[in-house]
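# Examining the three-dimensional arrangement
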Amino acid sequence: MNDGLFARARELFPGGVNSPVRAFGAVGGTPRFVTRAEGAYVWDADGVKRIDYVSSWGAIILGHAVSEIVEAISSAAGRGTSYGAPTPGEIALAERIQAAMPSVERMRFTCSGTEAVMSAVRLARAHTGRSKILKFAGCYHGHADSLLTAAGSGVATMGLPGSAGVTADATRDTLVAPYNDLDSVSELFDRFGDQLAAVLLEPVAANMGLVLPKPGFLELLREQTSAHHALLVFDEVITGFRVAPGGAQERYDVTPDLTCLGKVIGGGLPVGAFGGRADIMALVAPEGPMYQAGTLSGNPLAMAAGEATLARLTDRDVFDRLEEQTTRLAAGLGEAIDAGPHAGRASVATIGSLLTLFWTPRPPTSFAEAQAGDGEAFASFFHAMLDRGVSLPPSPYEAWFVTLAHGAGEVDATLAAAREALA
Ligand SMILES: *Cc1c(COP(=O)(O)O)cnc(C)c1O
């Protein structure tokens, strides 16, 4: 059944998928077509049930098909699926975001994280009248041309196009520095500080595997951007409402000028948002001269799903529970590594409800270190877990996403599978 679906899908979609990492390119084999999900579990087209840690790449935080979200969506759908006019639902979701993230004084909803970051970059350029953006190797910000730049390993470097079809002009103004490299950042500010519109980063990087900011890294970026009148833009598409109610900016107590959101705030429906200082957001059309728009932006179904999700995340106990299970899972994986033949070859990084099992001796602090991981060992581990009923993200450069539906039973079952897979 599953193999048949993949054969048909390959006739229709490049690689058989509608987003590349789903194709199992990094691990080999046939991607499992999902037909149903509930709580912490997904079922594939052959009827096999597995514990899910993909969680729609982090968009799912309460668990799959949670009744209040399903009800919020169907109730909204019954009132019409899209109007092309403002709705009360946009206000309800925006007020919840603002309450959790006070730096987001004003915001705009989009349909994806890509659009949110692309718009935030345009806004930073509009506000500063400058062209250059500094990003970090291994941080993913969606697929806008100017942000698809390859990483210069170890050395701060001018961005080179990281995809066919991206012109050199499109990335000419994108500078790339190694994540967590304070010296490179200082050097780049010395050279380009007065040309920089913004520094853009994932304040906790989760797209090169989970890489935490070193002490002082976010603070340095805040100081340098302020000193040079550039904007600090946090891409919290993953970390927002996941590492703390107020995202990484709350957890690390560093306040950006602009924030990008997505994933969790849509409760599994397509959404994104960018927002921040009111004086900067006043530049966005129709109030200001920076154009930005979307036919389905603020879609009523997405707003309803997002609001129902954030309504459950106001309570700090919820985050404590998420983090407790994730910490137990991370510790158990660490013990399973140490007890097996791979001791000293793998390591675990974790924060909030995110974790990555790296095939490196220690958790990496940069993309270059993450890239040194053993890809073959990752692929074997991935398939051993899949065969034992656990669905992990099919790439070494991703985080596992724990949800509220992952209880002690699911964590124990995952650890039992991991002990076998690592033996
Ligand atoms: C997923 C992601 C994006 C892009 O969001 P899409 O909704 O996939 O367009 C941007 N930034 C980060 C940090 C992400 O993880």
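Our subject in this report is the structure included herewith. Throughout this document, residue positions are counted from 1 along each chain, in the order its sequence is written. Only residues with pLDDT of 70 or above have their local features reported here, since the model is predicted, and side-chain atom pairs are shown and tallied only from 80 upward, although totals for entire chains, interfaces and linings are computed over all residues. Note: side-chain values were computed over all heavy atoms of the structure, leaving out hydrogens and water.

## So, the environment of Val 411
- Numbered from the N terminus, helices here are DSSP runs of H or I no shorter than four residues, and strands are runs of E no shorter than two. Structurally, the position occupied by Val 411 is in helix H14 (residues 408-421).
- Throughout this description, buried means an accessible area under 20% of the type-specific maximum (1.4 Å probe, protein chains only), exposed means over 50%, and partly exposed covers the range between. A residue is classified by how much of its surface remains accessible, and Val 411, at 1% relative accessible area, is buried.
- With sequence-adjacent residues up to four places away left out, Val 411 is seen in contact with Tyr 53, Gln 325, Arg 328 and Leu 329. Residue contacts are defined here by distance: any two heavy atoms, one from each residue, within 4.5 Å place the two residues in contact.

## Side note on the pattern of salt bridges
- We define a salt bridge as a side-chain nitrogen of Lys or Arg found within 4 Å of a carboxyl oxygen belonging to Asp or Glu. Counting across every chain of the model gives 15 salt bridges.
- Linking Glu 287 and Arg 106 is a salt bridge whose minimum nitrogen-to-oxygen distance equals 3.0 Å. Placement of Glu 287 in the loop between helix H9 (278-281) and helix H10 (300-312) and of Arg 106 in strand S4 (residues 106-110) is noted, with a sequence separation of 181 residues between them.
- Overall, the relative accessible area of 54% leaves Glu 287 in the exposed class.
- Between Asp 173 and Lys 132 there is a salt bridge, with the nearest N and O atoms lying 3.5 Å from each other. Separated by 41 residues along the polypeptide, Asp 173 in the loop between helix H5 (168-171) and strand S9 (174-178) and Lys 132 in strand S5 (residues 132-137) bring together distant segments of the chain.
- Given the relative accessible area of 23%, Asp 173 is considered partly exposed.
- Note on Lys 132: relative accessible area 10%, which makes it buried.

## With respect to the side chain of Thr 114
- Structurally, the position occupied by Thr 114 is in helix H4 (residues 113-128).
- Given a relative accessible area of 16%, Thr 114 falls into the buried group.
- In contact with Thr 114, other than residues within four places in its own chain, are His 141, Gly 142, His 143 and Ala 144.

## Regarding a negative patch on the surface
- Without a salt bridge and with relative accessible area above 30%, a residue can belong to a patch; like charges are then joined within 9 Å and nonpolar side chains (Val, Leu, Ile, Met, Phe, Trp, Tyr) within 5 Å. Computed by Shrake-Rupley with a 1.4 Å probe, the accessible areas treat only the displayed protein chains as cover when residues are assessed. For the purpose of counting charges, residues Lys and Arg are taken to be positive, whereas Asp and Glu are taken to be negative. His and the chain ends are not included. Throughout, a charge is located at the NZ atom of Lys, the CZ atom of Arg, the CG atom of Asp or the CD atom of Glu. On the surface, Asp 315, Asp 317, Asp 320 and Glu 324 cluster together into a negatively charged patch.
- Within the element layout of this structure, Glu 324 appears in helix H11 (residues 316-339).

## Points about the site of the ligand
- Nearness is judged by heavy atoms alone; a residue qualifies as near a molecule or strand once a single heavy atom is within 4 Å of it. Near the ligand you find Ser 112, Gly 113, Thr 114, Tyr 140, His 141, Gly 142, Glu 202, Asn 207, Asp 235, Val 237, Ile 238 and Lys 263, and these make up its full shell.
- Between N or O atoms, a polar contact is any pair within 3.5 Å; within protein, one atom must be a potential hydrogen donor and the other a potential acceptor, and residues adjacent in sequence are included only when both atoms are from side chains. Take Gly 113: an N or O atom from its main chain is 2.8 Å from an oxygen atom of the ligand.
- Between the ligand and the protein, one listed contact pairs an oxygen atom with a side-chain N or O atom of Asn 207 at 3.1 Å.
- Computed on the free molecule, the ligand has an accessible area of 380 Å², of which 83% lies beneath the protein chains in the complex.
- Residue polarity follows a fixed list, in which Ala, Val, Leu, Ile, Met, Phe, Trp, Tyr, Cys and Pro are nonpolar, Asp, Glu, Lys and Arg are charged, and the others, Gly among them, are polar. Along the lines of polarity and charge, the residues of the shell around the ligand split into three nonpolar, six polar and three charged.

## Focus on the pairing of strand S2 (residues 41-44)
- Criterion used throughout: strands pair if DSSP finds at least two bridges between them. Relative to S2, strand S1 (residues 34-38) runs antiparallel, the two being bridged by four bridges. Each bridged residue has a counterpart across the sheet, and for Arg 36 the counterpart in S2 is Trp 43.
- Where S1 folds back onto S2 in an antiparallel hairpin, the turn is made up of two residues, including Gly 39, whose phi is positive at roughly 60°.
- Across three bridges, S2 lies against strand S3 (residues 49-52) in antiparallel orientation. Bridge pairing in S3 links Val 42 to Arg 50.

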